[in-house]
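Structure at a glance
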Amino acid sequence: QVHLEESGGGSRPPGGSLRLSCVRSGPTTGRSRMAWFRQAPGKEREGVAALPGTGPTKYSHSVKGRFTISQDNTKKTLFLQRDSLKPEDTATYYCAGGSPTSKLLWPTSYRVWGQGTPVTVSS
């Protein structure tokens, strides 16, 4: 029932900016959560940032200070912002939704996924 659709990917130069969007549709529950993941070629899918129901935003230690996750007022659109992109940011970025009880940056904690939006950072 829940559908997620990412957009905003593409080619970016190093040092450029990235702003990804994820539009959510369908029913929600009181424990519905959303998060961003990414997967580079030959690597495991990794968590980037997640929005807990309460408390501070959860960021992966590997990207903390580099990405910012946010939502619009309707909580139907999730954003991922990054300035000063690096080639290491090249990956397909996925929006995820679910009702995780823990491990907010683990892919297995989420049940619904978007199709992903590729991001390539190169000169």
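Residues numbered from 1 in each chain as written. Predicted model: local features only at pLDDT ≥ 70, side-chain atom pairs only at ≥ 80, totals over all residues. Heavy atoms only, no water.

1. Overview of the pairing of strand 9 (residues 91-98)
A large share of strand 9 lies buried, amounting to 7 of its 8 residues. Two strands pair when backbone bridges link them, and strand 4 (residues 33-39) and strand 9 are joined in this way by 7 bridges, in the antiparallel orientation. What sits directly across from methionine 34, in strand 9, is glycine 97. Pairing of strand 9 with strand 11 (residues 117-121), which is carried by 3 bridges, proceeds in the antiparallel orientation. Bridge pairing in strand 11 links threonine 92 to proline 118. Inspection of the sheet shows strand 9 paired to strand 10 (residues 112-113) by 2 bridges, in the antiparallel sense. Looking across to strand 10, one finds that alanine 96 is bridged to tryptophan 113. (Buried < 20%, exposed > 50% of the residue type's maximum accessible area, 1.4 Å probe, protein only. Helix = DSSP H or I, 4+ residues; strand = E, 2+ residues; numbered from the N terminus. Pairing = 2+ DSSP bridges.)

2. Quick word on the nonpolar core
By size, the foremost hydrophobic cluster in this structure holds 22 residues, and its most contacted members are Trp36, Val48, Leu78 and Tyr93. Where this core is concerned, the elements lending two or more residues are strand 3 (18-25), strand 4, strand 5 (46-51), strand 8 (77-82), strand 9 and strand 11. The contacts of tyrosine 93, once residues within four sequence positions are left out, are Glu6, Leu20, Trp36, Phe37, Arg38, Val48, Phe67, Leu80, Gly116, Thr117 and Val119. (Core = buried A, V, L, I, M, F, W, Y, C linked by side-chain atoms within 4.5 Å. Contact = heavy atoms within 4.5 Å.)

3. With respect to unusual backbone geometry
Unlike most non-glycine residues, serine 84 shows phi in positive territory, near 55°. Note on placement: serine 84 falls in the loop between strand 8 and strand 9. Phi is positive for lysine 103, which is not a glycine, with a value near 50°. Relative to the helices and strands, lysine 103 resides in the loop between strand 9 and strand 10. On the basis of relative accessibility, which here comes to 46%, the residue lysine 103 falls in the partly exposed class.

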